[in-house]
Amino acid sequence: MAQEKLQTILNKQVANWNVLYVKLHNYHWYVKGPHFFTLHVKFEELYEEVATTMDEIAERLLSIKGQPVATMDEYLQLSSIKEGDKTLSADEMVKDLVQDFDKLSDELKTGIDASGSLGDDATEDMLIGIKESIEKHNWMLRSFVKESANVRG
């Protein structure tokens, strides 16, 4: 039962990271304004890292005898991350990602706790590393939004 709970948690992460991947492409393609060059590059960096992360989680799920979700329909049903809105301003895109990264961090904590309680050190370690990376990106995104607000104001 506990193993099934962990598989469900990991499948939600597979869904989250796939939706985030598409959202970051959306923002990469549609970002506009004075911070275009900075954010265009940052969003590309993030979606490249997200591609690796989604694959790592899915492969871990397979290695613990789970079955990762693999369709857009499943991703959208399971994900707590919502699709991106190409009409957002650059700052709104960054703020939206900050909220997403907050959700991911909280949900990763749930997975860390679940894998720890099962003695699944490999999954726990993987999720800790992912959480650390998300928290660092989130700090940078928060700093960007604060800085860009200071530039205008």
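Right above here is the structure, for reference.
Computed from a predicted structure; not experimentally measured.

A look at unusual backbone geometry
Item 1. Unusually for a residue other than glycine, Lys-65 sits at a positive phi of about 70°.
Item 2. When you line up the elements, Lys-65 lands in the loop between α2 (36-63) and α3 (72-78).

Quick notes on α2
Item 1. If you check α2, its first and last C-alpha atoms are 40 Å apart, about what 28 residues at 1.5 Å a residue would give, namely 40 Å.
Item 2. Two residues or fewer past α2, Lys-65 is found with a positive phi of approximately 70°.

A few points about helix α4 (residues 90-117)
Item 1. Its 28 residues give α4 an end-to-end C-alpha distance of 41 Å, which sits within 8% of 40 Å, the value for a rise of 1.5 Å per residue.
Item 2. The first or second residue beyond α4 is Gly-119, which carries a positive phi of 75°.

A short note on the packing of helix α1 (residues 2-30) against α2
Item 1. One can describe the packing of α1 onto α2 by two numbers: an axis separation of 9 Å at closest approach and a directional angle of 160°. The angle between α1 and α2 falls in the class roughly antiparallel. Note that α1 runs across α2; the crossing there is left-handed.
Item 2. Residues belonging to the contact of α1 with α2 are distributed by class as follows: 16 nonpolar, eight polar and one charged.

About the thresholds
- Residues numbered from 1 in each chain as written.
- Predicted model: local features only at pLDDT ≥ 70, side-chain atom pairs only at ≥ 80, totals over all residues.
- Heavy atoms only, no water.
- Helix = DSSP H or I, 4+ residues; strand = E, 2+ residues; numbered from the N terminus.
- Expected span 1.5 Å × (residues − 1).
- Axes fitted to C-alpha atoms, helices over the stretch in contact; angles between N-to-C directions.
- Parallel < 35°, antiparallel > 145°, perpendicular 65-115°, else oblique.
- Left-handed = near helix turned anticlockwise from the far one by under 90°.
- Nonpolar A, V, L, I, M, F, W, Y, C, P; charged D, E, K, R; others polar.

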